[in-house]
Structures are given as structure tokens and as C-alpha cells.
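Structural features, examined
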Amino acid sequence: MASPSSPPPAAASTEAPPETATWTRFLPEALGIRQSVRDNPFRWCVRESFMWGIATGSAMGLHRMRMGSTGFFAGNVAFATSMIVAAPSYYFCFRRREHKEKVIETMMRANDFQTQEEMPEPVPLEDHPFMEKSEGGIGRGQDKEFSARLRDRKEWEKPPSEEERDPSKVFKEVKKSG
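Reading the values: rules and limits
Residues numbered from 1 in each chain as written. Predicted model: local features only at pLDDT ≥ 70, side-chain atom pairs only at ≥ 80, totals over all residues. Heavy atoms only, no water. pLDDT = per-residue confidence, 0-100. Helix = DSSP H or I, 4+ residues; strand = E, 2+ residues; numbered from the N terminus. Expected span 1.5 Å × (residues − 1). Buried < 20%, exposed > 50% of the residue type's maximum accessible area, 1.4 Å probe, protein only. Contact = heavy atoms within 4.5 Å. Disulfide = S-S within 2.5 Å. Salt bridge = Lys/Arg side-chain N within 4 Å of Asp/Glu carboxyl O. Phe/Tyr/Trp six-rings, centres within 6.5 Å; stacked < 30°, edge-to-face > 60°.

Here the protein chain shows a mean pLDDT of 75. Residues at 70 or above account for 69%. Within the protein chain, no element has a lower average pLDDT than strand β2 (residues 139-140), which sits at 53, and none a higher one than helix α2 (residues 43-66), at 90.

What follows is the structure, given as C-alpha cells:
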């Protein structure tokens, strides 16, 4: 018997993840439409584009009714307007999301992000190239300023050698006046 303060047992790992796009249950299952929308990473674009289409089509249908058109004609205009608005809305949403993903991927590659396992070991403070040892044993040099002129390396160029990456050669101390 579990005590009242003990945490509840962990859920089984075989459970499916929660459904986040519940609106997809209204889509038809014919031809695999529902499943293909659920598997599509751009399913939010489908939702957004149809919401804009429905809103614009409704407004246009109401406008046509207000202007004295028959209900049948106003309904046709509303449907046509919703489709005419939904198609380009999906296209632009799809391209915007695709571009955003490409920019993030490019930034990750340009900044040369690596996983934690691939990162080099941190330099111990005793061996740090920019900290001078003082008589008390405490490092000095935190008030110094260094600059480095690093040339941009193209993807096709080989990485710099160990000698070229030596911190004493890369970083130069900026002499402060005054």
C-alpha cells in the first residue's frame, strides 16, 4: 500500500503521445487525408489557411447578401472566396515555415554548434592562458582585454592546424591608454 505522500506510479512507456491537433478528427479518412495531415509538419499551415479562407469567404458571402444577391449566388461566392484565399495562404505559410527552418539550420551550421560530447575539455584556471599568477596564488588578468582577428573559413577549406590555434598567437592584448 502506497503512502499518501508517495508519488503516483510512472505511466507506461507504451502509451501514445497526447494528440495535439484535435481538429484533424474532423477531416475525412478517405484516401488517407486525415493521416497525411497528421503526419505533415506543416499541418498548422492547413489549419491557419482554412481559418483565413472561412473568415474571408463568410465576410464575402455576407457582403453579397447585403448587396442584394440571391442566397445561392452569395453561397457560391463565399465558397469560391474561401478556396481562393486558402490556397495561397497555405503556400505562403508553408514557405515561411520552410524558410525559418532553413535559416535556423544554416545558423546552427555557421556557428559550428556541436553536441556536448564533442566539445573540448575546459581549460583549468591554473593553466589558463589569460590569467597571470600573482603572489597570493589567485589569478589576475580579469581586467585585461584581448582581441583576435580570425579569418572566416569557408566550408571547403581545411581547419587550422594546432599551431595556428595556439591562444598566445591568436589573441593579442589590447593596451589600454591612461
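Bringing helix α3 (residues 71-110) into the picture now. Taking 1.5 Å per residue, 40 residues should reach 58 Å; α3 reaches 58 Å between its end C-alpha atoms and fits that length. All buried positions along α3 are accounted for by Ala74, Val77, Ala78, Thr81, Ser82, Ala86, Cys93 and Phe94. Each element contacted by the buried residues of α3 is listed here: α2.

Let's shift gears to the state of the cysteines. Considering all chains together, one arrives at one disulfide under this definition. What pairs with Cys45 in a disulfide is Cys93, and their sulfur atoms sit 2.2 Å apart. The chirality of the disulfide connecting Cys45 with Cys93 is left-handed, given an S-S dihedral of about -70°. Remark: Cys93 occurs in helix α3 and Cys45 occurs in helix α2; sequence separation between them is 48 residues. For Cys45, a relative accessible area of 0% gives the class buried.

Moving on to the pattern of salt bridges. A complete count under the given rule lists two salt bridges for this structure. With a shortest N-O distance of 3.6 Å, Glu48 and Arg96 are connected by a salt bridge. With Glu48 in helix α2 and Arg96 in helix α3, the pair connects residues that are 48 residues apart, well separated along the chain. Residue classification places Glu48 among the partly exposed positions, given a relative accessible area of 32%. Salt-bridge contacts for Arg95 lead to Glu98; the nearest nitrogen and oxygen are separated by 2.6 Å. In this pair, Arg95 and Glu98 both sit in helix α3, three residues apart, roughly one turn of the helix.

Time to look at the packing of aromatic side chains. With the rule as written, the count across this model stands at two aromatic pairs. Taking the centre distance of 5.5 Å and the plane angle of 70° together, the rings of Tyr91 and Phe92 count as edge-to-face. For Tyr91, a relative accessible area of 43% translates into the label partly exposed.

Moving on, we come to α2. Taking 1.5 Å per residue, 24 residues should reach 34 Å; α2 reaches 35 Å between its end C-alpha atoms and fits that length. Within α2 the residues assigned to the buried category are Arg43, Cys45, Val46, Ser49, Gly53, Gly57 and Gly61. Elements that come into contact with the buried residues of α2 comprise α1 (33-39) and α3. In the stretch just after α2, Gly68 is the one whose phi turns positive, near 100°.

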